[in-house]
Amino acid sequence: MPPILQRLQQATKMSRRKILLLVLGCSTLSLLIHQGAQLSWYPKLFPQSCPPLQDSPPRPKHMTVAFLKTHKTAGTTVQNILFRFAERHNLTVALPHPSCEHQFCYPRNFSAHFVHPATRPPHVLASHLRFDRSELQRLMPPGTVYVTILREPAAMFESLFSYYNQYCPAFRRVPNASLEAFLSAPEAYYRAGEHFAMFAHNTLAYDLGGDNERSPRDDAAYLAGLIRQVEEVFSLVMIAEYFDESLVLLRRLLAWDLDDVLYARLNARAASSRLAAIPAALARAARAWNALDAGLYDHFNATFWRRVALAGRACVEREARELREARERLLRRCFGEEPVLRPAAQIRTKQLQPWQPSRKVDIMGYDLPSGRAGPATEACLKLAMPEVQYSSYLLRKQKRRGGVRPRPEPVLDNPPPRPIRALPRGH
């Protein structure tokens, strides 16, 4: 131990270990003060409730993450968290080639060729794709942490049916857009292999790269094999119904702060566009039709709670509660004392107007109070920015950073079907 530390130890009666921790803490604080202007959009809103054991040295934040953004599972909110983290730390985000628009040529199997050259090599990937292990590992650097999120299949299917009702042919065939009618006889409306058919049958399995036409009732080994494949790649499978607890596990996995996973709820439907509660009989029918998804969800829901138990359930619940409280404070700071989700037509800030899938579905968003400007307003803007606008913004920013001049984009061979576009608004 250097002489100055020996004198400090004698004067304070502190142990050698505590002296070293104090010095390390001061060095870290100095670094944070130096970097704070670049890395922090928000003031620290809460302390870290459940720090690692004192015998464990602090880990640096993990910077390479691939998030498989599944459909109608709160994935847009997770994506926004990752986009903002990447911006704060000047990380490169993989973004789709313009021929794919804001998705990686979904529903085709993912290929590294779908990634815009100005966004390679990436640190973070978080846009919609159909999982292909070898292609992702070819794109992402070694040590990348893979995460995804699942949602209870009945609730997810109700959301899919509402959101994609004007695009999925199986849903369009149903009289009066009735979910009950579809689930009473799905084979009467569903055609395997049809365009966007994956939104009508085992969508989770399809997004994870599986065969959504397989049934665990006929082939239990297939479901077991798909579960093994997911477990081999993904370090964390989050659960949408326990979103805040999932974010606590995510921040622990990545050695992030709770501040790094603050969020605003994005891509939410208005109450008039969704069922308030799914009747039990309808939920059973939805799970039976999507049996592969149900098997995946049940397995990883159980796995999730084992992870919570290992982390310490009381600790995870306390962090989740603090996250919710800090989130409410942040929303009030950004969007007024009574922050509310608004229909797109009532949002004045164009950058915050969410994409509308059809006239029959209202997607809500936040709006900024008038008369504000400055870094805090910019941070609030990003907090509530929808996927399409944020993806376009990041692509422009990364092009400028890489010195890429705007030019006509080459057309991919065998271009995919055009992504879903919004229908014109009623007015």
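No experiment lies behind these values; they were computed from the predicted model shown.

1. Here we look at the overall build of the protein chain
Summing up its helical and strand segments, the protein chain has 15 helices and 7 strands in all. Across the 427 residues in the protein chain, those meeting the buried criterion constitute 52%. For the protein chain, long-range pairs separated by at least 24 residues make up 75% of all intrachain contacts whose partners lie at least 6 apart in sequence.

2. Some details on the state of the cysteines
Overall, the coordinates contain 2 disulfides when judged by the stated rule. Each sulfur of the disulfide joining Cys 100 and Cys 105 lies 1.9 Å from the other. Handedness here is read from the sign of the S-S torsion; for Cys 100 and Cys 105, about -65°, the answer is left-handed. Each of the two residues, Cys 100 as well as Cys 105, counts as buried. A sulfur-sulfur separation of 2.0 Å characterises the disulfide bridge that pairs Cys 334 with Cys 380. Taking the torsion about the sulfur-sulfur bond, which here is approximately -75°, the covalent link between Cys 334 and Cys 380 counts as left-handed. With Cys 334 in helix 13 (residues 313-335) and Cys 380 in helix 14 (residues 375-383), this residue pair connects regions lying 46 residues apart in the sequence. What makes Cys 334 buried here is its relative accessible area of 1%.

3. Considering helix 10 (residues 243-254)
In a regular helix each residue adds 1.5 Å, so 12 residues correspond to 16 Å; helix 10 covers 16 Å between its end C-alpha atoms and thus fits that length. Most of helix 10 is tucked away, with 10 of its 12 residues classed as buried. Turning to helix 10, its buried residues are Phe 243, Asp 244, Glu 245, Ser 246, Leu 247, Val 248, Leu 249, Leu 250, Arg 251 and Leu 254. Packing partners of the buried residues in helix 10 comprise strand 1 (65-68), helix 3 (75-88), strand 4 (145-150), strand 5 (236-239), helix 12 (291-311) and helix 13. At the exit of helix 10 stands Ala 255, carrying a positive phi of roughly 60°.

4. Details of the packing of helix 9 (residues 220-233) against helix 12
Here helix 9 crosses helix 12 at 45°, and the two axes come no closer than 10 Å. It follows from the interaxial angle that helix 9 and helix 12 lie oblique. In the packing of helix 9 onto helix 12, the handedness of the crossing is right-handed. Together, Tyr 222, Leu 223, Leu 226, Ile 227, Val 230 and Glu 231 of helix 9 and Leu 292, Gly 295, Leu 296, His 299, Phe 300 and Thr 303 of helix 12 make up the contact between the two elements. The residue makeup of the contact of helix 9 with helix 12, split by class, is 8 nonpolar, 3 polar and 1 charged.

The rules behind these values
- Residues numbered from 1 in each chain as written.
- Predicted model: local features only at pLDDT ≥ 70, side-chain atom pairs only at ≥ 80, totals over all residues.
- Heavy atoms only, no water.
- Helix = DSSP H or I, 4+ residues; strand = E, 2+ residues; numbered from the N terminus.
- Buried < 20%, exposed > 50% of the residue type's maximum accessible area, 1.4 Å probe, protein only.
- Contact = heavy atoms within 4.5 Å.
- Disulfide = S-S within 2.5 Å.
- Expected span 1.5 Å × (residues − 1).
- Axes fitted to C-alpha atoms, helices over the stretch in contact; angles between N-to-C directions.
- Parallel < 35°, antiparallel > 145°, perpendicular 65-115°, else oblique.
- Left-handed = near helix turned anticlockwise from the far one by under 90°.
- Nonpolar A, V, L, I, M, F, W, Y, C, P; charged D, E, K, R; others polar.

Nothing here speaks to function; it is geometry throughout.
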